[in-house]
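Overview (structure and organization)
Below, each chain spelled out in residue letters.
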Amino acid sequence: ICQMPRWPWPKVIAHRCGGALAPENTLAGLAIAARSGCRAVEFDVMLSRDGVPVLIHDETIDRCASSSGTVAALDATLLMATDVGARFHPAFAGETIPSLDAALRRCRELGLAANLEIKPAQGHEVETGRVVGRRLASLGPDQRPALLLSSFSEGALEAAVAEAKNIPRGWLTDAFDAAALKTASGLGCASVHLALDGLEAAHVAAARAAGLEVLVYTVNRLPDARRLVGWGVSGLFTDRYDLLLDAIG
């Protein structure tokens, strides 16, 4: 198991780079998170038509951009010229979809740890994991930030780990059950990432007893955050890090 002697990550992790304070999965989000005192972020990575990993959550650009299109059908050059800032707020006009390389470089510059979620388009699971893993493996430790790989796709995570064996990983699941712990352990995960809805203290205890750190998404209320920390949760993905940082750290 890729378990570290002591879990080094901060508890508060900015969801999709900037949470509610910046357009999601952007370099602007990283900068604002760092300026606000965040020390860790999460972002989503998908492949363009020509196989370049870029930061985006959905399989289409429609929700975040003023244009439309399917990520897996668009070349990286076009995607990385797509404005995803103005839709969030006019102040962010001109903010575009970044490449994974650009995001890793910026995280390194800003001193941010990064949970890289492999978010493959349907049918591209293994290839996305393989490309991401190879890219990470090609970078030396001094060229990348502290990283944690995660995915809802077992195939994507397996493919990434085969290329980048020494990077810690976490298994993402939307519901706690014994199968989730078995999958996480089978993948050699250091952590399991669980949804807030329906989560119980006993679930956290069972995961920890299995040797897994527990990270929870998406936690935007301080009472929830405090309760989860009391249960022994190691990390909170949040859109409202501005509300949690001072209280949780």
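Coordinates for the structure precede this section.
Summarised in this report is the structure supplied together with it. (Residues numbered from 1 in each chain as written. Predicted model: local features only at pLDDT ≥ 70, side-chain atom pairs only at ≥ 80, totals over all residues. Heavy atoms only, no water.)

1. Remarks on the packing of aromatic side chains
Evaluation of the coordinates by the stated rule reveals two aromatic pairs. With a centroid separation of 5.6 Å and 75° between ring planes, the pair formed by Phe88 and Phe92 is classed as edge-to-face. By relative accessible area, Phe92 is classed as buried at 17%. Relative to Tyr217, the ring of Phe152 has its centre 6.3 Å away and its plane inclined at 90°; by these criteria the two rings are edge-to-face. Of this pair, Phe152 sits in the loop between strand 5 (147-151) and helix 5 (154-163) while Tyr217 sits in strand 8 (residues 213-217), and the two are 65 residues apart along the sequence. Judged by its relative accessible area of 37%, Phe152 is partly exposed. (Phe/Tyr/Trp six-rings, centres within 6.5 Å; stacked < 30°, edge-to-face > 60°. Buried < 20%, exposed > 50% of the residue type's maximum accessible area, 1.4 Å probe, protein only. Helix = DSSP H or I, 4+ residues; strand = E, 2+ residues; numbered from the N terminus.)

2. Let's talk about the packing of helix 1 (residues 27-35) against helix 3 (residues 100-110)
Two elements in contact, helix 1 and helix 3, have axes whose closest approach is 10 Å; the angle formed by their N-to-C orientations is 15°. Between helix 1 and helix 3, the crossing angle belongs to the class labelled roughly parallel. Read as a crossing pair, helix 1 and helix 3 show a hand that is right-handed. Side by side, helix 1 and helix 3 meet where Leu27, Leu30, Ala31 and Ala34 of the first sit next to Ala102, Ala103, Arg106, Cys107 and Leu110 of the second. Grouping the amino acids of the contact of helix 1 with helix 3 by side-chain chemistry returns eight nonpolar, no polar and one charged. (Axes fitted to C-alpha atoms, helices over the stretch in contact; angles between N-to-C directions. Parallel < 35°, antiparallel > 145°, perpendicular 65-115°, else oblique. Left-handed = near helix turned anticlockwise from the far one by under 90°. Contact = heavy atoms within 4.5 Å. Nonpolar A, V, L, I, M, F, W, Y, C, P; charged D, E, K, R; others polar.)

3. Re unusual backbone geometry
Residue Thr218 is reached from Tyr217 by a cis peptide bond, and omega for that bond is -20°. On the secondary structure map, Thr218 appears in the loop between strand 8 and helix 8 (222-231). With phi around 75°, Cys17 is a residue other than glycine that occupies positive phi space. Relative to the helices and strands, Cys17 resides in the loop between strand 1 (12-14) and helix 1.

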